[in-house]
Amino acid sequence: MSVDPRVSIHPDSSVLMAAIAARLITKLVDVQDKFGEATVVLTGGTVGIGTLKAVADSPAAPAVDWSKVNFWWGDERFLPAGDPDRNTTQAFEALLSHIPVDPERIHEPGSADDFGGPEEAADDYARRLREAAAAEHAADMSDDRPEEPAALPRLDVVLLGVGPDAHIASLFPEQAGVREKERTVVGVRNSPKPPPLRVSLTLPAINTASEVWMVVAGEDKAGAVGLALAGANPVQVPAAGPRGTSRTLWLIDENAASRVPQQLVRKDAAGA
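Our subject in this report is the structure included herewith. (Residues numbered from 1 in each chain as written. Predicted model: local features only at pLDDT ≥ 70, side-chain atom pairs only at ≥ 80, totals over all residues. Heavy atoms only, no water.)

### Things to note about the overall build of the protein chain
Check the secondary structure of the protein chain and you find 7 helices and 10 strands. In terms of C-alpha radius of gyration, the protein chain reaches 17 Å, essentially the compact-globule figure of 19 Å for 272 residues. For the protein chain, the spread of C-alpha atoms along the three principal axes comes to 45 × 40 × 40 Å. Considering the protein chain as a whole, with its 272 residues, one finds that 53% of them fall into the buried category. Look at the contacts in the protein chain between residues 6 or more apart in sequence, and 75% of them connect residues 24 or more apart. Of the accessible surface of the protein chain, which amounts to about 11,900 Å², a share of 52% is contributed by carbon and sulfur atoms. Across the protein chain, the 26 positively charged side chains and the 39 negatively charged ones have centroids separated by 4 Å. (Helix = DSSP H or I, 4+ residues; strand = E, 2+ residues; numbered from the N terminus. Rg over C-alpha atoms; globule rule 2.2 N^0.38 Å. Buried < 20%, exposed > 50% of the residue type's maximum accessible area, 1.4 Å probe, protein only. Contact = heavy atoms within 4.5 Å. Areas by Shrake-Rupley, 256 points an atom, 1.4 Å probe, with all protein chains shown as cover. Lys, Arg positive; Asp, Glu negative; His and termini not counted. Charge placed at Lys NZ, Arg CZ, Asp CG, Glu CD.)

Structural data, given as structure tokens:
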């Protein structure tokens, strides 16, 4: 069951990224203590990639068993593998090449080298998510295991940035992707932000996550943040749509917070 979002405001973007990194390390350790492994969905952008670099630089990073963390992405640019604009390329440079990850647990959305279009890459990504969910279901020995596997594995944390237009992942205002109700992954052909071809999780997929963390910095995002937290329609303001099943956190800097409804504000440096 989703819960109302909580807002945690940090003085500036550098403090914000360090705080998110510390929070993520703690969360992954806690999840591994409970389940033996953890699953995180990464995002790109300045804050998303800066957070990954802050994780790599943290003296606490070795507390996580990185060989038992599953990495997925909320969206990806449909470009050749290794292109510097791909979120996955940037994530490797910032974090994944610096920690002892299991390559089998890194799930990159397909590239333009592998598929003829973003729709094919989206179908492949959805298939791999289903397969991960089926493997998780088969390994679950608990008495309350559902009869059938879900379409998605357990997503412990989904990280999402927000654009000045309030887009999240590659779900843009008024476009088909943000209206999708059934599919877990969609191909995008008309992104107003270059490049135009992308692959993205949908809101129904994002909202299966235990925790969704909206990570935002910058005065140019303040309007989008304010509208999302005021309860705007997700079709017009996609950032209003994500809700974790146990927690929804807005982790933002003061520049992005100027239009946040005051009753939601909680100022702290790291937050619990």
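### Section: the environment of Ala232
Inspection of the secondary structure puts Ala232 in the loop between α7 (222-229) and β9 (247-253). Expressed as a C-alpha distance, the spacing of Ala232 and Ala61, which sit 171 residues apart in the sequence, is 37 Å. Ala232 has contacts with Leu227, Val237 and Ala240, leaving out every residue within four places of it along the chain.

### Looking at the sheet that holds strand β4 (residues 75-77)
Adjacent strands of a sheet form backbone hydrogen bonds with each other and so pair up, either parallel or antiparallel. If you walk across this open sheet you meet the 3 strands as β4-β7-β6, and the pairing is antiparallel. This sheet does not close on itself; its edge strands, each paired only once, are β4 and β6 (185-188). Put simply, the sheet's adjacent strands are angled 15° from each other on average, direction ignored. (Pairing = 2+ DSSP bridges. Axes fitted to C-alpha atoms, helices over the stretch in contact; angles between N-to-C directions.)

### Thoughts on the packing of helix α2 (residues 45-57) against helix α3 (residues 87-94)
Where α2 contacts α3, the two axes come as close as 8 Å, and the packing angle between them is 25°. It follows from the interaxial angle that α2 and α3 lie roughly parallel. Both α2 and α3 take part in a crossing whose hand is right-handed. Facing α2, whose interface residues are Gly45, Ile49, Leu52, Lys53 and Ala56, α3 presents Asn87, Gln90, Ala91 and Ala94. Within the contact of α2 with α3, the residues separate by chemical class into 5 nonpolar, 3 polar and 1 charged. (Parallel < 35°, antiparallel > 145°, perpendicular 65-115°, else oblique. Left-handed = near helix turned anticlockwise from the far one by under 90°. Nonpolar A, V, L, I, M, F, W, Y, C, P; charged D, E, K, R; others polar.)

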